[in-house]
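Architecture at a glance
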Amino acid sequence: MRKTLLILSLLFFLGPIACTKKGDEIRIGVAGPMTGDQSKLGQDLQHGVEIAVAEWNQKKGVLGKKVTVDVGDDQHDPKQAVSVANKFVTSGVVGVVGHFNSSASIPASGVYHASGIPMITPASTNPQLTDQGYADVFRICGKDDQQGKVAAEFVVNKLKARKVAILHDKTTYGQGLADLFKQGIETLGKGSVEVVYYAGITQGDKDFRGVLTSIVGTHPDLLYFGGIYPEGGLLAKQGKELGLTAPMMSGDGVIDPKFVEIAGKAAEGTYLTFGPDPKKFPQGRKFLEKYQARFGPEWAPYAIYAYDAANLLLNAIQQAGTTDGKQVTEALHKIQYDGALGRIEFDAKGDVKKSPYVVWITRNGDFEEYWSPDE
């Protein structure tokens, strides 16, 4: 009996302390594929957020409160993304950085919107995300209609290709990007560029020799792939093994050291669309120095986007003077933020007002900026 009374007494006195401690925290979420074949992408987002949060906490936090991070693993699966979103809502996060994949961000955004929780994706490029009309959904990367157009301009005007084969991974992102690239080719090429092959592959498969053999027979000047690096690396490698001499081109889902690791020497000469090289800007170099000091030298392309997304969210909370989702959303729509990526402002749909895409090339096992549509 005495033991029971002692426990009850401790709970009575500790309860208010625990509540006060929780009330002194601001919880934000970061979501992406933290495990599985795309785990590096999710972990890169997490690391970018952690750097931003550490900097805020060194400055006494936000609104005088410590910022903590909840991590959600959506395994780039739409159903799992919704589950992660529901857990974030239950746990009391006040904003979310994520998700990575468009197929995860789109369904998850509905959960956040219904709960009045603003989300900022660092990486989901499918236009459908902000076309939904949710005022509290933002992205700091560009969109695939922009990315696909730049890729098409490069292929038509720079490479002057005449025959193009197109593959995609059947996902919201991959197929959407491939379709927009195809549309750009047909518009800009005006009949001078022929799409000689168009098909989808299954994400997670390991052997693409069948479809690649068919592509080799069409003698394309370029193979375009809409998808992520696990399949992109295998396509490049297996294509070269089958005698495909045409270079491969893809989007931001493939520009990662893991692509080179998978493709090996076959990665050489691959063209990729992505944002400008952050090493060219003082604020970008400063972030990269911080990142590499903490997490090592391997390049994490989207970590800088997650870093800026977290800073945007926390700045908006600070400016709003509250964690109330509606007021934070209003602050985000008004914000003018100078971050590691440069000046970021949102339009009425939650897209960034400026998102320049350029073409990179894979050389000597690394990536370098190669061509800009402004050239």
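See the structure printed just above.
Residues numbered from 1 in each chain as written. Predicted model: local features only at pLDDT ≥ 70, side-chain atom pairs only at ≥ 80, totals over all residues. Heavy atoms only, no water.

Time to look at the overall build of the protein. Counting its secondary structure elements, the protein contains 13 helices and 14 strands. Each principal axis of the C-alpha distribution contributes one length, and for the protein these read about 85 × 45 × 40 Å. Among the 375 residues that make up the protein, the fraction classed as buried is 54%. Summed over all atoms, the accessible surface of the protein reaches about 16200 Å², with 52% contributed by carbon and sulfur. Of the side-chain charges in the protein, 41 are positive and 43 negative, and the distance between the mean point of each set is 4 Å. (Helix = DSSP H or I, 4+ residues; strand = E, 2+ residues; numbered from the N terminus. Buried < 20%, exposed > 50% of the residue type's maximum accessible area, 1.4 Å probe, protein only. Areas by Shrake-Rupley, 256 points an atom, 1.4 Å probe, with all protein chains shown as cover. Lys, Arg positive; Asp, Glu negative; His and termini not counted. Charge placed at Lys NZ, Arg CZ, Asp CG, Glu CD.)

What follows deals with the environment of Val155. Inspection of the secondary structure assignment puts Val155 in helix H6 (residues 144-159). Accessibility expressed as a relative area gives 0% for Val155, which makes it buried. In sequence terms Val155 and Asp221 are 66 residues apart; their C-alpha atoms lie 9.5 Å from each other. In this view, Val155 contacts Lys160, Ala161, Val164, Phe181, Ile185, Leu222 and Met249; residues no more than four positions away in its chain are not counted. (Contact = heavy atoms within 4.5 Å.)

Taken in spatial order, the seven strands of this open sheet run E7-E6-E8-E9-E10-E13-E14, and their pairing is mixed. Lying at the two open borders of the sheet, with one neighbouring strand each, are strand E7 (194-200) and strand E14 (366-371). Pairwise comparison of adjacent strand axes, ignoring direction, gives a mean angle of 25° for this sheet. On the sheet, helix H7 (residues 172-189) packs against strand E6 (163-168), E7 and strand E8 (222-226) and is oriented at approximately 160° with respect to E6. (Pairing = 2+ DSSP bridges. Axes fitted to C-alpha atoms, helices over the stretch in contact; angles between N-to-C directions.)

To continue, consider the sheet that holds strand E1 (residues 25-32). In spatial order, the strands read E2-E1-E3-E4-E5; together these five strands make up an open sheet with parallel pairing. With partners counted over all chains shown, the strands left at the sheet margins are strand E2 (66-73) and strand E5 (137-139), one partner each. When strand E4 (residues 119-121) meets E5, the two strands line up parallel, connected through three bridges. By the bridge assignment, Ile120 is partnered in E5 with Phe138. Packing against the sheet, helix H2 (residues 39-58) makes contact with E1, E2 and strand E3 (96-97), and its axis sits at approximately 160° to E1.

Our focus in this paragraph is the packing of aromatic side chains. Throughout the structure, instances matching the rule amount to 17 aromatic pairs. Both rings, one in Phe154 and one in Trp371, keep their centres 5.3 Å apart while their planes meet at 55°; by these two values the pair is tilted. Linking Phe154 in helix H6 with Trp371 in strand E14, this pair joins segments that are 217 residues apart in sequence. Using a relative accessible area of 0% as the deciding quantity, one classes Phe154 as buried. Ring centres of Tyr291 and Phe295 lie 5.1 Å apart, and the angle between their planes is 45°; on these two criteria the pair is classed as tilted. Of this pair, Tyr291 and Phe295 are both found in helix H11 (residues 282-295), four residues apart, which corresponds to roughly one turn of the helix. You can call Tyr291 buried: its relative accessible area is 5%. On the accessibility criterion, Phe295 (28% relative accessible area) is partly exposed. One aromatic cluster is present, formed by Phe100, Phe274, Trp299, Tyr302, Tyr305, Trp360 and Phe367 through successive ring pairs. (Phe/Tyr/Trp six-rings, centres within 6.5 Å; stacked < 30°, edge-to-face > 60°.)

Before going further, it helps to examine the environment of Leu312. Structurally, the position occupied by Leu312 is in helix H12 (residues 303-320). Leu312 sits in the buried class, given a relative accessible area of 0%. Separated by 139 residues in the primary sequence, Leu312 and Tyr173 place their C-alpha atoms 24 Å from one another. Non-local contacts of Leu312, meaning those with residues more than four positions away in its chain, are made with Ile120, Ile140, Leu332, Ile335, Tyr337, Ile344 and Phe346.

Tallied over the full model, the rule gives 18 salt bridges. Arg363 serves as the salt-bridge partner of Glu368, at 2.8 Å between the closest nitrogen and oxygen. Each of the salt bridges in this network shares a partner with another, and the network as a whole consists of Arg139, Lys143, Asp145 and Asp351. (Salt bridge = Lys/Arg side-chain N within 4 Å of Asp/Glu carboxyl O.)

Residue placement: His168 occurs in strand E6. Among the residues examined, His168 registers a relative accessible area of 4% and is labelled buried. A polar side-chain atom of His168 sits 3.0 Å from the main-chain amide nitrogen of Lys170. (Polar contact = N/O pair within 3.5 Å; in protein donor to acceptor, adjacent residues only side chain to side chain.)

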